[in-house]
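# Chains, contacts and geometry: an overview
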Amino acid sequence: MEKRQRITNENVKELFGSPYIRVTDLQYAPGKHYYNATRRKPGDLAAVKTDEEFQVMLPDAVSCIVILAAPGEEEKLLLSYEFRYPAGRFLLSVPAGLIDSGDKDAENPIVTTAVREIQEETGLLVRETDQVTVVNPLLFSTPGMTDESNALVCVVLRAPDMGLLSQEGATGSEQFDGFALLTRSDALEALGKGRDERGNFYSMYTWAALMYFVSGIWKEEGQGKRD
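How each quantity is defined
Residues numbered from 1 in each chain as written. Predicted model: local features only at pLDDT ≥ 70, side-chain atom pairs only at ≥ 80, totals over all residues. Heavy atoms only, no water. Helix = DSSP H or I, 4+ residues; strand = E, 2+ residues; numbered from the N terminus. Expected span 1.5 Å × (residues − 1). Buried < 20%, exposed > 50% of the residue type's maximum accessible area, 1.4 Å probe, protein only. Polar contact = N/O pair within 3.5 Å; in protein donor to acceptor, adjacent residues only side chain to side chain. Arc of directions from axis to C-beta. Contact = heavy atoms within 4.5 Å. Pairing = 2+ DSSP bridges. Axes fitted to C-alpha atoms, helices over the stretch in contact; angles between N-to-C directions. Salt bridge = Lys/Arg side-chain N within 4 Å of Asp/Glu carboxyl O.

In this section: helix α4 (residues 204-215). For α4, with 12 residues, the first-to-last C-alpha span of 16 Å sits near the 16 Å given by 1.5 Å per residue. Listing the buried residues of α4 in full gives Y205, T206, A208, A209, L210, Y212, F213 and V214. Where α4 begins, one side-chain oxygen reaches toward the backbone nitrogen of Y205, 3.3 Å away; that side chain belongs to S203. Two residues or fewer after α4 comes G216, characterised by a positive phi angle close to 80 degrees.

So this is what it looks like as structure tokens:
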């Protein structure tokens, strides 16, 4: 039987709050404190949810595995170089973004967010004929210090209009420095080195996209549903 350390709203104290990030104190026992960096308000923390609430909650954001499958050409994984402030440099990244309040009202908030973010960050349109698959509905980034989470969505663009490819849709703090279109051999090389072509490390979500692409799982029957 699973043993769970119960944390209630009464055991949560916000130590720092801003529109972008919060730090909360999760008191899990008398005199025992665990600190959590989060985007969520205290009442919406993963730690205080019931098992039923936890199992149906939406992630904070969506990360996209975008595969270009133009007829007669080798398939490519579409990545970009995005400036990551904590790392202080442009890192090889997947299209990604937060689930907006408006997205939460959609029939499928995860897919809606993925389609919007792909268009904003790459200029490419996701059509009804394209393959859209929710690979994983919620993955924690690092539950040792944060409850931040991302869904993983794979989008296979059939005959994409590459003339639309652009990073002009960047908003807010987003900064980009070009795209990387990786063949399977390119992706295998990046996996083997653990670095991008510029010699820099990359995120776990980029690693996941590389692995999913080279595995070929996205080609298997039943992988084309908008879950």
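Every buried residue belonging to helix α3 (residues 184-193) is among A187, A190 and L191, and all of these are buried. Along the axis of α3, the buried positions cluster into a sector of 100 degrees, meaning they face one direction only. In this structure, α3 carries G192 and K193 as exposed residues pointing more than 90 degrees from its buried face. At its buried positions, α3 is contacted by β10 (176-182) and α4. Where α3 ends, the next residue or the one after it, G194, has phi of about 70 degrees, a positive value.

Our next topic: the sheet that holds strand β3 (residues 32-38). If you trace the 3 strands from one edge of the open sheet to the other, you get β1-β2-β3, paired in antiparallel fashion. Looking along the sheet, the strands with just one partner apiece sit at the ends: β1 (12-17) and β3. Averaged over all neighbouring strand pairs, the angle between strand axes comes to 25 degrees, with direction disregarded. Relative to β3, strand β2 (residues 22-29) is paired through 7 bridges, and the arrangement is antiparallel. Of the residues in β3, the one forming a bridge with L26 is Y34.

The subject of this paragraph is the environment of R198. Within the secondary structure, R198 is located in the loop between α3 and α4. Along the chain, R198 and L92 lie 106 residues apart, while their C-alpha atoms are 9.1 Å from each other. In terms of polar contacts, R198 uses its side chain to reach the side chain of D177, at 3.0 Å.

On to the environment of Q167. Structurally, Q167 is set in the loop between β9 (149-158) and β10. Counting along the chain gives 55 residues from Q167 to T112, while the straight-line C-alpha distance between them is 19 Å. Beyond its immediate stretch of four places on either side in the chain, Q167 contacts S80, E121, F176, D177, G178 and F179. For Q167, the side chain forms a polar contact with the main-chain nitrogen of G178, separated by 3.0 Å.

All right, on to the pattern of salt bridges then. With the rule as written, the count across this model stands at 14 salt bridges. A salt bridge links D44 to K49; the shortest N-O distance between them is 2.8 Å. We classify D44 as partly exposed; its relative accessible area is 31%. Exposure remark for K49: the relative accessible area of 11% places this residue in the buried category. E75 is the partner of K219 in a salt bridge, and the nearest nitrogen-oxygen pair spans 3.9 Å. With K219 in the segment after α4 and E75 in the loop between β4 (61-69) and β5 (76-84), this residue pair connects regions lying 144 residues apart in the sequence.

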